[in-house]
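Notes for the structure review
If you want the building blocks of each chain, they are given just below.
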Amino acid sequence: MILYLHFGPQPEETYRQLIGILAEFTPMVQALPPDAALADVSGSVRYFERDAAGLAALIRMRAAAVLDVDPTIGIAPNPLLAQLVAHRGAPGTVRAVPDDPGTIAAFLTGLPVAALPGVGPATARALASYGLSAADQIAATPLLTLQRILGTAAGRQLHQRAAGIDPTRVTPGAPPHTFHAEHRFSRDELDPDRQRGALTHLAERLGARLRGERQVCRSLVLTVQYADHSTTTRSRTLPEPTAHSPQLRAAAHALHMALGLQRARVRCVTLRAEGLCDAGAASRQLAFGPDDDKARRIEAAADRARARFGPGSVRPASTAGIP
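All of the points below concern the structure found in this document. What you see is a predicted model, and the numbers here were worked out from it, not measured in a lab. (Residues numbered from 1 in each chain as written. Predicted model: local features only at pLDDT ≥ 70, side-chain atom pairs only at ≥ 80, totals over all residues. Heavy atoms only, no water.)

Here we take up the overall build of the protein chain. A count of helices and strands for the protein chain gives 12 helices and 10 strands. Split into buried and exposed, the 323 residues of the protein chain put 46% on the buried side. Nonlocal contacts in the protein chain, meaning residues at least 24 apart in sequence, comprise 67% of its contacts between residues at least 6 apart. Accessible surface, the protein chain as shown: approximately 16,100 Å² in total, 55% of it carbon and sulfur. (Helix = DSSP H or I, 4+ residues; strand = E, 2+ residues; numbered from the N terminus. Buried < 20%, exposed > 50% of the residue type's maximum accessible area, 1.4 Å probe, protein only. Contact = heavy atoms within 4.5 Å. Areas by Shrake-Rupley, 256 points an atom, 1.4 Å probe, with all protein chains shown as cover.)

Next up on the list: the sheet that holds strand S1 (residues 2-6). Strand order across the open sheet formed by five strands is S2-S3-S1-S4-S5, with mixed pairing between neighbours. With one partner strand each, in any of the chains shown, strand S2 (29-32) and strand S5 (94-96) form the two edges of the open sheet. Across the sheet, the mean angle separating the axes of adjacent strands is 15° when strand polarity is ignored. One ladder, built from five bridges, connects S1 with strand S4 (residues 72-76); its direction is antiparallel. When the bridges of S4 are listed, Leu-5 appears paired with Ile-73. Contacts between helix H1 (residues 12-23) and the sheet are confined to S1, S2 and strand S3 (36-40), with S2 contributing the most and set at about 160° to the helix. Relative to S4, helix H3 (residues 52-67) is tilted by about 165°, and along the sheet it contacts S1, S4 and S5. (Pairing = 2+ DSSP bridges. Axes fitted to C-alpha atoms, helices over the stretch in contact; angles between N-to-C directions.)

Packing of H1 against H3 leaves a shortest axis separation of 10 Å and a crossing angle of 140°. Considering their axes alone, H1 and H3 lie oblique with respect to each other. Crossing of H1 over H3 shows right-handed handedness. On H3, the residues that touch Thr-14, Gln-17, Leu-18, Ile-21 and Leu-22 of H1 are Ile-59, Arg-62, Ala-63, Val-66 and Leu-67. Residues of the contact of H1 with H3, tallied by class, amount to seven nonpolar, two polar and one charged. (Parallel < 35°, antiparallel > 145°, perpendicular 65-115°, else oblique. Left-handed = near helix turned anticlockwise from the far one by under 90°. Nonpolar A, V, L, I, M, F, W, Y, C, P; charged D, E, K, R; others polar.)

Buried residues dominate helix H4 (residues 79-86), accounting for seven of its eight residues. Those residues of H4 that sit buried are Pro-79, Leu-80, Leu-81, Ala-82, Leu-84, Val-85 and Ala-86. On the buried face of H4, the contacting elements are S1, S3, S4, S5, helix H5 (101-108) and helix H9 (152-162). N-capping of H4 is provided by Asn-78, with a side-chain oxygen placed 3.2 Å from the backbone N of Leu-80. (Polar contact = N/O pair within 3.5 Å; in protein donor to acceptor, adjacent residues only side chain to side chain.)

Within the element layout of this structure, Thr-200 appears in helix H10 (residues 192-212). Overall, Thr-200 belongs to the buried group, its relative accessible area being 4%. At a separation of 2.9 Å, a polar atom in the side chain of Thr-200 contacts the side chain of His-253.

Looking now at unusual backbone geometry. Residues other than glycine seldom take positive phi values, yet Asp-68 does so here, at roughly 55°. You can see Asp-68 is positioned in the loop between H3 and S4. Although it is not a glycine, His-229 adopts a positive phi angle of roughly 75°. Its place among the elements puts His-229 in the loop between strand S7 (215-226) and strand S8 (231-242).

Written out as structure tokens, the structure is:
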């Protein structure tokens, strides 16, 4: 059985310690930064003489005692179902879907299509225009019909996910070295300008941290959480490794625009910098003009001001009012 654990926003060091706690129960642990993980406990139930639910209870107890963290845990035969069941209810609980076709079908019946990983508002709207708004409706739709709507690969993937099929396995590994920044709105945010303002602020924070630690990143990942707790994650490989805030901001805005959120009720946005490497070892394309060099000198001066007067002392005007 597979456990999907959602820890909520945590400092990077706390997250690594949580992954270490999981490793005490099974070597099959896959980190899903910044706030989740997968654990295959199929080989652990006999050793600990407990079923998957019993192991989940032990893990929760251990995380609460050592780090004062109460994770939400989903238990299911595969990673997809474990993630779905974890997010279908109040946080800080353990929920399970048994390895039984009838029970799995009942769980997926009526499940909003937006709850399936990889289905954003634009895809949900396209499916809704054909009367497809729930997982069981998608699973009952002929594969060729879905492929005509979404494309060959996307249609096949969604058809499998709507039926609770997930061939992926838990891949053990230490948490990748990443930086992330998160903004949680005080209320569900409908205004795309305020969403972009939050992303601008997050890009500035990531850029400042990368430069402070003399790192650059190769890619940027945007995760959007909606009012119903479903999420959409998109990533973009940057043209070159960078810690330059304008480049990070442009990539973040492009990811946001590609989602086509329009009137989506957004609760939280997270930006994650991945593929980090030492800034001194990274190459940078030369710009034949004064604008880029001037922007980098201004950025360096702003970093010095932040180091002296605090991280919020210098920030873009468009982020005013965003904590």
